[in-house]
Amino acid sequence: MKVSATQKFNKKELIVFDLDGTLIRTKSPMTQEMSRLLGRLLSVKKVAIIGGGKYGVFGSLFLDHLQVSKQLLGNLFLFPTTATSFYRYQRGWKNVYAIELSAEQRDRIKKTFQRVFHEISYVHPKKTYGQLIEDRRTQVTFSVFGQDIVAVLGHKGVLMKEKWKREHTDTKMKITKLMAKYLPELEVRAAGFTSIDVTKKGIDKAYGLGQIEKHLHIRIGEMLFIGDAIYPGGNDYAVVRTGVDYIKVEGPEETKKIIRSLLTQK
Ligand SMILES: [Mg+2]
């Protein structure tokens, strides 16, 4: 259930963070300040991170900017692509499991995106950056401007995504609805600002918390979840039905405040 940031969480064993929009600005590298705060948090709590991005994105935006001792990395658990994969640190980052879509399913998803674009006469932006439909094996993701827009344009890319989201959310939801209609055996979800994820059925952040519970042997009641999209239609919303204690944040600045408050609690 929703809890106040000023409540005491010293009994919680695990803090679970969403990545994009919570620990980092969308598709942007983690700041030094966030790295320092997480380092301090890792010395007193276990931390899990669950996001829609693939492991490579966790690497380039998060791990590459995390400056903590190897010893503390043992307290950090990564669940990319909405916990369809799990990585833990054991003398290097090791993949524990990966639940992949079949080649046939991935192929069908890509074709269905094309079918839907055609059906609603959707026109891609004039200039795009990198792949529009990315096969992450555990997940196939469409992104309006392409996967690499923020890597190429930096902050300007973030602003373009925010602008598109403000102006075209109805288009995104239309594509999402049709995809779900044509792929009833799969899970289709609008995610982030400008992307749509397709995974196996039942893969969402509630599933993710279940995977974390199973693999880390920590009950949901011992977790605190922090995310930026805990509202109907948001990709963190599913956690609500698990009964986990959660705090909704507007973005990384608010997340930092919560971490500071966790660190001062005895
Ligand atoms: Mg998010």
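Definitions and limits used
Residues numbered from 1 in each chain as written. Predicted model: local features only at pLDDT ≥ 70, side-chain atom pairs only at ≥ 80, totals over all residues. Heavy atoms only, no water. Phe/Tyr/Trp six-rings, centres within 6.5 Å; stacked < 30°, edge-to-face > 60°. Helix = DSSP H or I, 4+ residues; strand = E, 2+ residues; numbered from the N terminus. Buried < 20%, exposed > 50% of the residue type's maximum accessible area, 1.4 Å probe, protein only. Lys NZ or Arg CZ within 6 Å of the ring centre and 35° of its normal. Donors = N, O, S within 2.8 Å, 3.2 Å for Na, K, Ca; no water. Pairing = 2+ DSSP bridges. Axes fitted to C-alpha atoms, helices over the stretch in contact; angles between N-to-C directions. UniProt positions renumbered as here; feature names shortened; annotations may be inferred. Contact = heavy atoms within 4.5 Å. Polar contact = N/O pair within 3.5 Å; in protein donor to acceptor, adjacent residues only side chain to side chain.

Caption draft 1: Structural context of the packing of aromatic side chains. For the structure on display, the rule yields ten aromatic pairs. For the pair Tyr-122 and Phe-142, a centre-to-centre distance of 6.1 Å together with 85° between the ring planes defines the contact as edge-to-face. Taken as a pair, Tyr-122 in the loop between helix H5 (103-119) and strand E6 (133-135) and Phe-142 in strand E7 (residues 140-143) lie far apart in primary sequence, 20 residues in all. On the basis of relative accessible area, Phe-142 is assigned to the buried category, the value being 1%. Pairwise contacts between aromatic rings join Phe-77, Phe-79, Phe-86 and Tyr-97 into one cluster. Stacked on the ring of Tyr-182, the Lys or Arg Arg-115 has its end atom at 3.5 Å from the ring centre.

Caption draft 2: How the structure looks around the coordination of the magnesium ion. Around the magnesium ion, the protein contributes the donor atoms Asp-18 (OD), Asp-20 (O) and Asp-228 (OD), which lie 2.2 Å from the metal centre. Sequence spacing of the donors to the magnesium ion: D-x1-D-x207-D. Residue Asp-20 is classed as partly exposed on the basis of its relative accessible area, which comes to 28%.

Caption draft 3: Representation of the sheet that holds strand E4 (residues 85-89). Pairing is mixed across the open sheet formed by seven strands, whose spatial order is E5-E4-E3-E2-E1-E10-E11. The open sheet has two edge strands with one neighbour each: strand E5 (93-98) and strand E11 (245-248). Each adjacent strand pair in this sheet contributes to an overall mean axis angle of 20°, direction not counted. Bridging between strand E2 (residues 46-50) and strand E3 (residues 76-79) involves four bridges; their strand directions are parallel. Bridge pairing in E3 links Ala-48 to Phe-77.

Caption draft 4: Seen up close, the UniProt feature "binding site: Mg(2+)" (unreviewed entry) in the protein. In the UniProt entry, the feature "binding site: Mg(2+)" (unreviewed entry) is given for Asp-18, Asp-20 and Asp-228. In three dimensions, the annotated residues from a span of 211 residues occupy one location, with a maximal C-alpha spread of 8.3 Å. Tracing the sequence through the fold places Asp-18 in strand E1 (residues 14-18). Ignoring any residue separated from it by four or fewer positions in sequence, one finds Asp-18 in contact with Leu-23, Ile-50, Gly-51, Lys-205, Phe-225, Ile-226, Gly-227, Asp-228 and Asp-236. For Asp-18, the side chain forms a polar contact with the side chain of Thr-22, separated by 2.7 Å. Its place among the elements puts Asp-20 in the loop between E1 and helix H1 (32-42).

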